Amino acid sequence: MASGRREECCSMRLISLVCLFVQNAGLVTLMRFTRTRRDRPMFLATTAVMVDEFSKLSLSFFMVWLHWYRSREDKKQGIDDFVRHLRRQFDVRSSLLMAVPALLYTVQKNLLYVALSNLDACVYQAAYTGKHITTALFSYLILGKRLNHWQKGSLLVLMFGVALVQISQLTEPRKPTGDHPVLGFVAVTLACCTSGFSSAYLEYFIKKADYWGKQVQLALPALFFAFAGVASQDWSAVVNSGFFQGYDEFVVLTIFFEVAGGLLVASVTKYADSIVKNFAIALSLTAVTAASALIWDFQLSSTFVLGTVITVGAAYMYNYTPPAKEPPLPDKRPREQERTGRLQEP
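My aim in this report is to walk through the structure given alongside it, one point at a time.

### Notes on the packing of helix H5 (residues 99-118) against helix H9 (residues 181-205)
Part 1: Relative to each other, H5 and H9 sit at 155°, their axes nearing to 8 Å. When the interaxial angle is binned, H5 and H9 end up roughly antiparallel. The two elements H5 and H9 meet at a crossing, and its hand is left-handed.
Part 2: Taken together, the residues of the contact of H5 with H9 sort by class into 17 nonpolar, 7 polar and no charged.

Here it is in C-alpha cells:
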C-alpha cells in the first residue's frame with residue numbers, strides 16, 4: 001500500500017513537472033511568435049486579455065459549481081440552493097477587496113504583451129524572474145515576513161543576474177528583434193511590481209478562501225477592467241475591423257495556455273514542491289532560449305548565459321532550506337572524572 005502511494009506521488013510529480021514545463025515554455029514562445037510575425041494583421045492585445053479573463057471566469061465558475069455539486073449533502077438541491085451557496089461564499093467586502101489585484105493583474109497582462117513585443121523570449125523570461133524580488137519586498141512590507149540569510153543573499157544574486165540579462169540585450173551588437181528594448185524592460189519591471197504586490201495583497205486579505213472561488217472574484221472585476229482597456233485604447237479599431245481581428249489558431253492557443261496556467265496552479269500546488277517548480281522554470285528557460293535561436297536567430301552571448309545561470313541558481317538558492325543544526329550531545333567526561341576522582345579519594 002505504501003509503495004503504491006509512493007509510486008503514485010512520484011508519477012504525479014513527474015506529470016506536474018511536464019505540465020509546468022510545457023505551459024511556461026509554450027506560453028512565452030507563442031506570445032513572442034504572435035507579437036512579432038508580419039504575415040497577417042496584428043491582433044489587439046487588449047481583446048486577448050479580455051478573452052482570457054472571460055475564459056478564466058467561465059472555467060472558475062464551472063469549477064465552483066462542480067465542487068458544490070459533488071459535496072452537496074442533499075442530492076435534490078437545485079439552482080436556488082447553488083445561488084444561496086454563492087451568496088454565502090462571495091460576500092461584498094471580499095469581492096470589493098478583489099478589485100485591487102484584479103486591476104493590477106489586468107494591467108500586468110497588457111504589460112507582458114508589450115514586453116514580448118520588444119524583447120527576445122528568453123530575455124523576457126529571465127528578466128521576469130525579478131518578480132521574486134518584488135514579491136519578497138511586498139511580503140516584508142505588507143505581511144511582515146522575515147527572510148533568512150539564504151533568502152536575502154539569493155535576492156541580491158538574483159538582482160545581479162537579471163541586471164546581466166538586461167545588459168546583454170542592450171549592448172548586443174545586432175539590432176534586437178524588438179524596436180524598443182528599453183520599453184520592453186520597463187514593461188517587465190512594472191509587471192514584476194504588479195505581480196509582487198498582488199501576491200502579497202491576496203495573501204494578506206484572503207488566506208483561507210477557496211481557490212476557485214477566489215478566481216471567480218478576481219476574474220469578474222478583471223473582465224470589467226479588461227473591457228475598459230478595450231474601450232479606452234482600441235475601441236475605434238474594434239468598430240472598424242472587428243473584435244477578433246488578427247486572430248488565428250496561434251492566438252487562440254496562446255490564450256489557452258494563459259488560461260491553463262490557473263488550472264495548473266490549482267493542481268500542481270498539491271503535488272509539486274518548490275524544487276519541481278524551479279526545475280520546470282529552468283527547463284522552460286532552456287527550451288525558450290533554443291526556440292529563440294532557431295526561430296528568431298537569437299545569438300547567445302557570454303553575458304546572457306552567465307546572467308541566466310545566476311538567475312536560475314538564485315531561484316534554487318531562495319527556496320533552499322539549510323539543515324537544522326542538531327544540539328550537541330552532553331559531555332559525560334566531567335561526570336566520569338568526578339566519579340573516578342571520588343573513588344580514588346582515601
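### Looking at helix H7 (residues 131-143)
Part 1: Here H7 is 13 residues long and its end C-alpha atoms lie 17 Å apart, about the 18 Å a rise of 1.5 Å per residue gives.
Part 2: When we look at burial in H7, the residues that qualify are Thr 134, Ala 136, Phe 138 and Ser 139.
Part 3: Among the residues trailing H7, Gly 144 stands out with phi positive, at a value near 70°.

### Description of the side chain of Gln 245
Part 1: Its place among the elements puts Gln 245 in the loop between helix H11 (235-241) and helix H12 (249-271).
Part 2: Among the polar contacts listed, one links the side chain of Gln 245 to the backbone oxygen of Ala 237, at a separation of 2.9 Å.
Part 3: Look past the residues within four positions of Gln 245 in its chain and what remains in contact with it is Met 42, Phe 43, Leu 44, Ala 237 and Val 238.

Rules used in this analysis
The residue numbers shown here count from 1 along each chain, following its written sequence. Local features in this predicted model are restricted to residues of pLDDT 70 or higher, and side-chain atom pairs are both shown and tallied only at a pLDDT of 80 or more, whereas totals for entire chains, interfaces and linings draw on every residue. By convention in this description, side-chain values take in all heavy atoms of the structure and omit both hydrogens and water. Simply put, an axis is a line fit to the C-alpha atoms, just over the touching stretch for a helix, and the angle between two N-to-C directions goes from 0 to 180 degrees. Each helix is a run of H or I in the DSSP string that is no shorter than four residues. Each strand is a run of E no shorter than two, and both are numbered from the N terminus. In this scheme, roughly parallel covers angles under 35 degrees and roughly antiparallel covers those over 145, while 65 to 115 is roughly perpendicular and the rest are oblique. Left-handed describes a crossing whose near helix is turned anticlockwise from the far helix through less than a right angle; right-handed describes the clockwise counterpart. As a working rule, the residues Ala, Val, Leu, Ile, Met, Phe, Trp, Tyr, Cys and Pro are called nonpolar, Asp, Glu, Lys and Arg charged, and the rest polar, with Gly in that last group. Helix span, as expected, comes to 1.5 Å for every residue beyond the first. Exposed residues in this analysis have more than 50% of their type's maximum accessible area, buried residues have under 20%, and partly exposed residues fall in between, with area computed by a 1.4 Å probe over protein chains only. Between N or O atoms, a polar contact is any pair within 3.5 Å; within protein, one atom must be a potential hydrogen donor and the other a potential acceptor, and residues adjacent in sequence are included only when both atoms are from side chains. Throughout, a contact is declared for two residues whenever any of their heavy atoms are within 4.5 Å.

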